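# Fold and contact review
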Amino acid sequence: MSEPRDDLIDTLSVEQLLQLHLKSELPCLWTIRDSHIHGRGLFATRDIEQGEVIFRDETLVIGPRSGTSSDPVCVGCLSNSSPLSPCSKNCALPVCSSQCENSVQHSWECSFLRDHCTVENTKDGVSLDLVRTVTPIRCLQMSRLKRTIVRALETREFPICEVDVLKRYLHKKLPAEDDKFLRLCCGTLDTNAYAGTGHGKGLIFRGLYALSAMMNHSCTPNTTYWFDEANRMVVKAARTIGKEEEILSTYTSLLWGTATRRSFLSNTKEFLCRCARCKDPTEFDTNLSAIYCKTKPCGGILLPGNPLDIKSDWLCSSKIKEHKMGAQKAFQLLNIWSKVAQMLTENEDLQQIQMFLKGIPENSQSGIQIRKYFVLQSKGQITDMTDEILLFKEQSCYKLLDLIKRLKLGRNYLKGLILRELFHLLQEKSKRSQVQVDQDQVDSIKTEFEKILKFDVTPQESG
Ligand SMILES: C[S@@+](CC[C@H](N)C(=O)[O-])C[C@H]1O[C@@H](n2cnc3c(N)ncnc32)[C@H](O)[C@@H]1O
C-alpha cells in the first residue's frame, strides 16, 4: 500500500490510516469497532491462537518518560546503562556518547531547544524539566499521516502539561499552531502511551503506538506485549481469543490488588475499571487485597465489601457482621505494608522478610511485591546466593506462577521471565546439592519460557 497524497489522508477512516501507518499488506487479525467497555476498541476478525502475534505496532513517537521521579536516560538511545553527560551543544539534555549526541533522534530537538530556550542553573548541565518535554517536542516533526492519526486518537487534558514546563524556559513564542498541537500531543500521550523497558539494556521509554492506542484495558487482558529491537510493540494473544472478541491490554501492573490498580488507573488515566476481576472481592480466589481481621481470635481475612465502591467497608470471611474495617483504615494499612515491603526488598534481609510475610495473609499484594522483586530484580549472581535465598526465590517462582494461573493471565511475558529464572535456579540447585533434579521438568520449563519469550513467530504474523 503506497502513501496517499496529503489531501487524501483526511478522507481515510481510522482503520485505513492505521493500515497505512503499519505499512502492512498482510491480512490483519483486527478491526476497530464500538466497544461496550468504552468508545472504540479492537476486535478479532477470526479465532486467534494463544501465543499468536496479533500485530506489531510502529511508534508514532518515542522518547524519555515524563515522570519527575524517573531517572534520566540518554535522549539518543533512551538507555540509562551508561554514564550520562550533557550534550556538548548546550541543549541541556543528557546523552551517553557522541554517537547519541549526533543521532537523527536527538539532532532536531537539540537545535529546537537551543533556538527557543534559555536554560540556566541546571544540575550538572542537564535540565530534568526539559528531558520531560522531549517526547512531546518530537511530535512537532510528525508527518501529515502521523498528525492525522494523533488527532484521531482519544485525548483528554491532564493537570500537568509538559508545554507549561517548556514555557518556563522559552525566550521565543511558539507559533500558535505548534502550541496547540503540542498540547494535544501531551494529552494524547498521557491517554495512550505505553511505558517500555528494554530487557537487559537499561532502556526506559514512553512510546505512542497507533494501533495499541485502540486497545481498551482489562485487569485480566487477553494479550501480552513486548518491545522488539526496533522498539516496535509486539502484541500477542495471552490466551485463545475468539472471533468478534475484544482484544484487550492492560495499563497497570497485574500483580497489584484491586484497590491499588483502580487508584493507579484513576490517577494516571482518569477512569475506574469495572472488569470481572475488579468486581470480585476475592480476585478469582487469590485474595490479593486481603488483610487479617483485627478482632481476636477471629483469624479470618477482610476483603472489600464492594470493590467498585472505594468507601465500602471491608468485611470478614467469618461473616460475623461486627468484624469489619472502614475502607480508609484498610487502605492505610495496605499502604504501610507496601512501604515496609519496599524497604525490606532494598535491604534484601531474608530473616526480616520471612517475619514480615508471617504477619500478612498469604498472597497479599505486599508479599507478592517482595517475591516478584526477589525473582526478577534481586542484586547479585545466582551462583553467589546462599541456599536460603535460592530456596526463597524458588518458592517465590512457584507462588507467582500459581497466582498468574489463578488470575487467568494466560501465557504472558511475566510468566516467561519467571519460568526462565526458575530454570536457572533449578540448574544451580542441582549443581550445588548434587540432588537429582527432575531433568524432564527442567527441560519442559526451558521449552515453555523460550516459547513465551520468543516473539519472532513470523509465519503467524498478521497486520
Ligand atoms: C488507549 S485509549 C483506548 C481506546 C479508546 N476506547 C478509544 O475510543 O479511542 C484509553 C482510554 O480508553 C478508556 N478506557 C480504556 N479501557 C477502559 C476501561 N476498562 N474502562 C473504562 N474506560 C476505559 C479510558 O478513557 C482511557 O483513557
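Here the structure is a predicted model, which means the values were calculated and not measured.

A separate point is the overall build of the protein. Scanning the protein from N- to C-terminus turns up 16 helices and 15 strands. Scaling as 2.2 N^0.38, a compact globule of 463 residues should have a C-alpha radius of gyration of about 23 Å, and the protein matches this with 24 Å. Seen through its C-alpha atoms, the protein measures out along the principal axes to roughly 70 × 55 × 50 Å. Counting over 463 residues, the protein shows a buried share of 37%. Once local pairs closer than 6 in sequence are excluded, the contacts in the protein between residues at least 24 apart make up 66%.

Strand order in the open sheet formed by three strands is β1-β2-β11, and the pairing between neighbours is antiparallel. Looking at strand neighbours, the two that pair on one side only are β1 (30-34) and β11 (246-247), the edges of this open sheet. Across five bridges, β1 lies against strand β2 (residues 40-44) in antiparallel orientation. By the bridge assignment for β2, Arg 33 is matched with Gly 41.

Moving on, we come to the site of the ligand. The local shell around the ligand holds 15 residues, among which His 38, Gly 39, Glu 154, Asn 216 and His 217 are the closest. Counting only elements with at least two residues in the shell around the ligand, the list comes to β2 and α8 (176-192). For the shell around the ligand, a count of residues per class yields five nonpolar, seven polar and three charged.

Turning next to unusual backbone geometry. Phi is mostly negative for residues that are not glycine, and the peptide bonds are mostly trans. Of note, the amide linkage connecting Lys 296 to Pro 297 takes the cis form, showing an omega dihedral of -5°. Along the chain, Pro 297 turns up in the loop between β12 (291-292) and β13 (301-304). We note that Glu 283 has phi near 45°; this positive angle belongs to a residue other than glycine. Checked against the element boundaries, Glu 283 lands in the loop between α10 (276-279) and β12. For Glu 283, a count of 26 C-beta atoms within 10 Å corresponds to the buried category. The phi dihedral of Lys 319 is positive, around 70°, even though this residue is not glycine. Mapping Lys 319 onto the fold places it in the loop between β14 (314-316) and β15 (324-325).

Across the protein, the average pLDDT comes to 90, with 95% of residues at 70 or higher. When the criterion is pLDDT under 50, residues 457-463 qualifies, and its contacts beyond four places in sequence or with other chains add up to 20 contacts. Confidence metrics for the complex model read pTM 0.92 and ipTM 0.99.

Successive residues of a regular strand alternate their side chains across the two faces of the sheet. Most of strand β3 (residues 53-57) is tucked away, with five of its five residues classed as buried. Here β3 runs beside strand β10 (residues 233-237); their pairing, made up of four bridges, is antiparallel. Looking across to β10, one finds that Arg 56 is bridged to Val 234.

Right, let's talk about the packing of helix α5 (residues 128-139) against α8 for a bit. Here α5 crosses α8 at 115°, and the two axes come no closer than 9 Å. Between α5 and α8 lies a crossing of right-handed hand. Note on element contacts: α8 touches α5 through Phe 181, Leu 182, Cys 185, Cys 186 and Leu 189, opposite Thr 135, Pro 136 and Cys 139.

For helix α14 (residues 387-406), with 20 residues, the first-to-last C-alpha span of 29 Å sits near the 28 Å given by 1.5 Å per residue. Buried residues of α14: Phe 392, Lys 393, Ser 396, Cys 397, Leu 400, Leu 403 and Ile 404, and no others. Taken down its axis, α14 places every buried residue within 145° of arc, on the same side. In α14, those exposed residues whose orientation departs by more than 90 degrees from the buried face are Asp 387, Glu 388, Tyr 398 and Asp 402. Buried residues in α14 make contact with α12 (350-358), α13 (365-376) and α15 (413-433). Immediately downstream of α14, the backbone of Lys 408 shows phi near 60°, a positive value.

In this section: the nonpolar core. Counting residues in each nonpolar core, the largest one holds 62 residues, and the members touching the most others are Ile 54, Ile 247 and Leu 422. At six residues, the largest contribution of residues to this core is made by α15. In this structure Leu 422 touches Glu 394, Cys 397 and Ile 445, once residues within four positions along its chain are discounted. Ranked by size, the runner-up nonpolar core spans 21 residues in total, among them Val 73, Leu 78, Leu 113 and Phe 205.

Because the α-helix completes a turn every 3.6 residues, residues three or four places apart line up on one side. The element α5 is extensively covered by neighbouring structure, given that ten of its twelve residues are classed as buried. If you check which residues of α5 are buried, you get Leu 130, Val 131, Arg 132, Thr 133, Val 134, Thr 135, Pro 136, Ile 137, Arg 138 and Cys 139.

To continue, consider the pairing of strand β4 (residues 59-63). The element β4 is largely enclosed, with a buried count of four among its five residues. The pairing of β4 with strand β8 (residues 203-209) spans four bridges and is antiparallel. Each bridged residue has a counterpart across the sheet, and for Gly 63 the counterpart in β8 is Arg 206.

Another point: the sheet that holds β10. Strand order in the open sheet made by the three strands is β3-β10-β9, with antiparallel pairing throughout. Each edge of the open sheet is held by one strand with a lone partner, namely β3 and β9 (223-227). Strand-to-strand twist in this sheet, taken as the mean axis angle between neighbours without regard to direction, amounts to 20°.

Thresholds applied
Residues numbered from 1 in each chain as written. Predicted model: local features only at pLDDT ≥ 70, side-chain atom pairs only at ≥ 80, totals over all residues. Helix = DSSP H or I, 4+ residues; strand = E, 2+ residues; numbered from the N terminus. Rg over C-alpha atoms; globule rule 2.2 N^0.38 Å. Buried ≥ 20, exposed ≤ 12 C-beta atoms within 10 Å, placed from the backbone. Contact = placed C-beta atoms within 7 Å. Pairing = 2+ DSSP bridges. Near = placed C-beta within 6 Å. Nonpolar A, V, L, I, M, F, W, Y, C, P; charged D, E, K, R; others polar. pLDDT = per-residue confidence, 0-100. Axes fitted to C-alpha atoms, helices over the stretch in contact; angles between N-to-C directions. Left-handed = near helix turned anticlockwise from the far one by under 90°. Expected span 1.5 Å × (residues − 1). Arc of directions from axis to C-beta. Core = buried A, V, L, I, M, F, W, Y, C linked by C-beta atoms within 7 Å.

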